[in-house]
Each structure stands twice: as structure tokens, then as C-alpha cells.
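An overview of the molecular structure
What follows is the residue order along each chain.
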Amino acid sequence: MVSIIILTYNASKYLPCLLTRLESQTIKHYELIVIDSSSNDSTVDIAQSHRANIISIPRSEFDHGTTRNLAVSQTNNEFIVFLTQDAIPVDEYMIAELIKPLQPNSNIAICYGRQLPRPGAGPLERFAREFNYPPQSALKTKNDIKDLGLKTFFCSNSCSAIRYSIFKELGGFKNNVIVNEDMLFAAKAILQDYSVYYSATAKVYHSHPYSLYETFKRYFNIGRFFADNKWLLKYAGLKGYAADMLKAGAKTFWGKRMPHYIGVLLTEFIVKATACKFGWYYQLLFHKRHDNRR
């Protein structure tokens, strides 16, 4: 048995397609758990019609780590798959390919899949997915930190599978985390001599056409996250990752004869860097005020 956990909030736009695609998977025997943050649309009705086990929580109690830990506490299957409500399987082999690396290698703590841009996605969305989710699978261990730096810990719960026994041993995801609960778990696993696998053959459609304002909000929270978890940055700074992505983007758009997108990409990076810095200092100031009140 495999447990599939989907986090939802007003997911009626995506859920019918996602659940139908799951029913067509080659893996037929699975437990479906939907943990819903008090949706006010037809999300729960749709999930119930597909015989999902529904866990409802107040919207105010949602956070990326605590909510997933709650869902995991409802099952004890060795392989647990996480999906976000808008991650749509590309084919019927997605679940099988996602758990396939875990079966022969008991040292893999988590496997995450390849995210492809949605049909009709813009050039920046497509580039971001191609940069972060290449067509080659990879096993990442502590030995890769020197070469990969922070990318060693890169992982995404939009489409992932964990090994329950290791997850339980390591204490699960960090509770009350703003974003990147998946990166924290991957880092914890790797530093405890477990490994992380990226499966390029477990594919979902998942991308977002963020506006600059939405990009700012997202990277503001990422800045807050790294201010709370500064220990991650001793393995590699964010600047190296950003520089690599900017160089790759410039090369990609120049090669595709779309040079104007280099300027668009640069503008987006300035917004991301500014948002991260604001989020970083906001979080440090927040902690300082909190400590002063004690």
C-alpha cells in the first residue's frame, strides 16, 4: 500500500483532473488522504466522490510542516506520496516512478519528481522548470555538498515520496515553518547520512505565472525562512545559486533569439533579491522584538 496525501484549499479548479489522473495510475492500491484548510468551494465534495479520507483543519492553523505531519500521523504505510492540489500527473506511471527508487535502496529518505511547465506556460516559467528539474535523474548524498552546495538539499513536496520509517526516525517535517519544509527535511536526512533522489521520470505539470508582486511575496517569505535557518547557508550561499540561474537564463534566451527576456529575467532577479533581503531583515527584527518582550 501507498498513501497519497494532497493538501487543498479551494482546489475545485484542479482536483477533478488530479484525482482522475491518480485513478488511471498503474499503482492501483493506494490510500488517498486529502487534508483541507476549510475550503469554501466544492473541494471536499469532489474529494469525497473519489473516496478520499478527508481531514479538515481551520485555515488559520495551516503551515507547510505541521499540516503535512498531521496527515502522515493518520497512516503508517512505508511509502507516502505528497502532492499539491495543482500538480497534475503527466502519465499513468508517475506514482510508480516516484516510489521506484525507494524500493531497492533503503537509504533514500525522500524522492522528488520532475515538474514540467504547464501547456501554454510563458518563457520564464519554462526556463525555471527546466533549470530546477533537468531531464536526468540524480542521487544526492553528503558527498555532493562540496560540488552542489545548497542545491544538494533542493527538494519539492509538490511531488515527492518519503520513506515513513526514516521520516519517523528524523522527526518528520519542522513544524511552524514558513516555506521550504521539504528542503529542511532533505538537509536533515543528508546530514544524517541518508540520501535524496531526484526522479526525472516521475513527471507532473506544475508551474505558476507569478506577477512581480506575487514573486516579491514569495521571496520575502524565502528570506524569512533563511533568516530562521541560517545554518543552511554555511554549506553555500544563495548568491551562487542565483548567479548560476541568471547565467543559464541568459544563455538560454540568447540561444533562442529572445534577448529581451534576458532583461525580463534580470528584473525578476532584482525583485527576488530585494524581497529576500527585506524578508531576512524583517525576520531578524521580529525575533529581536520578541526576545526584548520576554
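The structure this text deals with has already been given above.
Report follows, based on the coordinates. Numbering of residues begins from 1 in every chain and follows the order in which that chain's sequence is written. In keeping with the predicted nature of the model, local features appear solely for residues at pLDDT of at least 70, side-chain atom pairs appear and are counted solely at 80 or more, and the whole-chain, interface and lining totals rest on all residues. Side-chain metrics in this entry use all non-hydrogen atoms of the structure; hydrogen atoms and water are not considered.

Right, let's talk about the overall build of the protein for a bit. Helix and strand content of the protein: 11 helices and 9 strands. Structurally, the protein occupies a C-alpha span of about 55 × 45 × 45 Å along its principal axes. Exposure categories follow from relative accessible area, calculated using a 1.4 Å probe and restricted to protein chains: below 20% of the type maximum is buried, above 50% is exposed, and the middle band is partly exposed. Here the protein holds 294 residues, and the buried ones make up 47% of them. Sequence separation of 24 or more characterises 79% of the internal contacts of the protein that already satisfy a separation of 6 or more. Working convention for charge: Lys and Arg count positive, Asp and Glu count negative, and His plus the chain ends are omitted. In this description, the location of a charge corresponds to atom NZ of lysine, CZ of arginine, CG of aspartate or CD of glutamate. Of the charged side chains in the protein, 36 are positive and 25 negative; the average position of the first set lies 7 Å away from that of the second. Note on conventions: DSSP H or I runs of at least 4 residues are helices, E runs of at least 2 residues are strands, and numbering of each starts at the N terminus. Any two residues whose heavy atoms approach within 4.5 Å are treated as being in contact.

A separate point is the packing of aromatic side chains. The description of an aromatic ring pair rests on the distance of the ring centres and on the angle between the ring planes. Classification of ring pairs rests on two measures: the distance between centres of Phe, Tyr or Trp rings, Trp counted by its six-membered ring, which must be within 6.5 Å, and the angle between planes, read as stacked under 30 degrees, edge-to-face over 60 and tilted in between. Taken as a whole and assessed by the stated rule, the structure comprises 16 aromatic pairs. Note on Tyr 112 and Phe 154: the rings are 5.9 Å apart at their centroids and 75 degrees apart in plane angle, and the pair reads as edge-to-face. Note that Tyr 112 is positioned in strand S6 (residues 108–116) and Phe 154 in the loop between helix H6 (145–148) and strand S8 (159–163), a separation of 42 residues in sequence. For Tyr 112, a relative accessible area of 4% corresponds to the buried category. A cation sits over an aromatic face here: Lys 230 above Trp 280, 5.8 Å from the ring centre. A positively charged side chain is recorded as over a ring if its NZ (Lys) or CZ (Arg) lies within 6 Å of the ring centre. The angle to the ring normal must also be within 35 degrees.

Turning to the pattern of salt bridges, a few remarks are in order. Any carboxyl oxygen of Asp or Glu within 4 Å of a side-chain nitrogen of Lys or Arg constitutes a salt bridge here. One pass over the full model with this rule turns up 5 salt bridges. A salt bridge links Glu 181 to Arg 68; the shortest N-O distance between them is 3.5 Å. Separated by 113 residues along the polypeptide, Glu 181 in helix H8 (residues 181–191) and Arg 68 in helix H3 (residues 64–72) bring together distant segments of the chain. Neither residue differs from the other here; Glu 181 and Arg 68 are each classed as buried.

What makes a nonpolar core is a set of buried Ala, Val, Leu, Ile, Met, Phe, Trp, Tyr and Cys residues whose side-chain atoms join them at distances within 4.5 Å. Residues Ile 5, Val 72, Phe 153, Phe 225 and Leu 232 are the most contacted members of the largest nonpolar core, which totals 42 residues. Looking at this core, the element that brings in the most residues is H8, giving 7 residues. The residues touching Leu 232, leaving out its near neighbours within four places in the chain, are Leu 150, Phe 153, Met 183, Leu 184, Ala 187, Phe 225 and Phe 226. Counting residues in each nonpolar core, the second largest holds 30 residues, with Leu 22, Ala 87, Ile 99 and Val 204 among its members.

For the rest of this paragraph, the subject is the environment of Ile 162. On the secondary structure map, Ile 162 appears in strand S8. C-alpha separation for the pair Ile 162 and Asn 132, spaced 30 residues apart in sequence, amounts to 20 Å. Excluding its chain neighbours within four sequence positions, the residues that come into contact with Ile 162 are Val 72, Glu 78, Phe 79, Ile 80, Phe 82, Leu 102, Ala 109, Ile 110 and Phe 167.

A few words now on helix H5 (residues 123–132). Extensive coverage of H5 is indicated by the burial of 7 of its 10 residues. Here H5 has its buried residues at Leu 124, Glu 125, Phe 127, Ala 128, Arg 129, Phe 131 and Asn 132.

Position of Arg 118 among the secondary structure elements: in the loop between S6 and H5. Residue contacts for Arg 118: discarding those within four places in its chain leaves Tyr 14, Asp 86, Ile 88, Arg 126, Tyr 205, His 206 and Ser 207.

Before going further, it helps to spend a moment on the layout of surface pockets. As defined here, a cavity is a set of points on a 1 Å grid over the protein atoms alone where a 1.4 Å probe fits but cannot get out. A pocket is an open set with protein on both sides within 12 Å along at least five of seven lines, and residues line them when an atom is within 4 Å of a point. Grid points are joined across faces, edges and corners, and a volume is the space filled by probe spheres set on the points. If you add up the space inside the second largest pocket, you get close to 250 Å³. For the lining of the second largest pocket, the secondary structure elements donating two or more residues are H5 and strand S7 (138–140). Examining the composition of the lining of the second largest pocket, we find that 3 residues originate from one element, S7, more than from any other. Side-chain classes follow a simple rule in which Ala, Val, Leu, Ile, Met, Phe, Trp, Tyr, Cys and Pro form the nonpolar group, Asp, Glu, Lys and Arg form the charged group, and the remainder, Gly included, forms the polar group. Grouping the amino acids of the lining of the second largest pocket by side-chain chemistry returns 9 nonpolar, 3 polar and 3 charged.

Right, let's talk about the environment of Leu 266 for a bit. Here Leu 266 lies in helix H11 (residues 260–292). In this structure, the C-alpha to C-alpha distance between Leu 266 and Ala 250, residues 16 residues apart in sequence, is 9.0 Å.

An axis is simply a line fitted to the C-alpha atoms; with a helix, the fit covers only the stretch in contact. Between two such axes, the angle follows the N-to-C directions and lies from 0 to 180 degrees. Axis separation between H5 and helix H10 (residues 238–255) bottoms out at 11 Å; the angle between their running directions is 125 degrees. Between H5 and H10, the angle falls in the class oblique. Taken as a pair, H5 and H10 cross one another with a handedness that is right-handed. Between H5 and H10, the contacting residues are Pro 123, Leu 124, Phe 127, Ala 128, Phe 131 and Asn 132 on the first element and Tyr 241, Asp 244, Met 245, Ala 248, Gly 249, Thr 252 and Phe 253 on the second. In these notes the angle categories are as follows: under 35 degrees is roughly parallel, over 145 is roughly antiparallel, 65 to 115 is roughly perpendicular, and the rest is oblique. Throughout, a crossing is termed right-handed when the near helix is turned clockwise from the far one, and left-handed when it is turned anticlockwise from it by less than a right angle.

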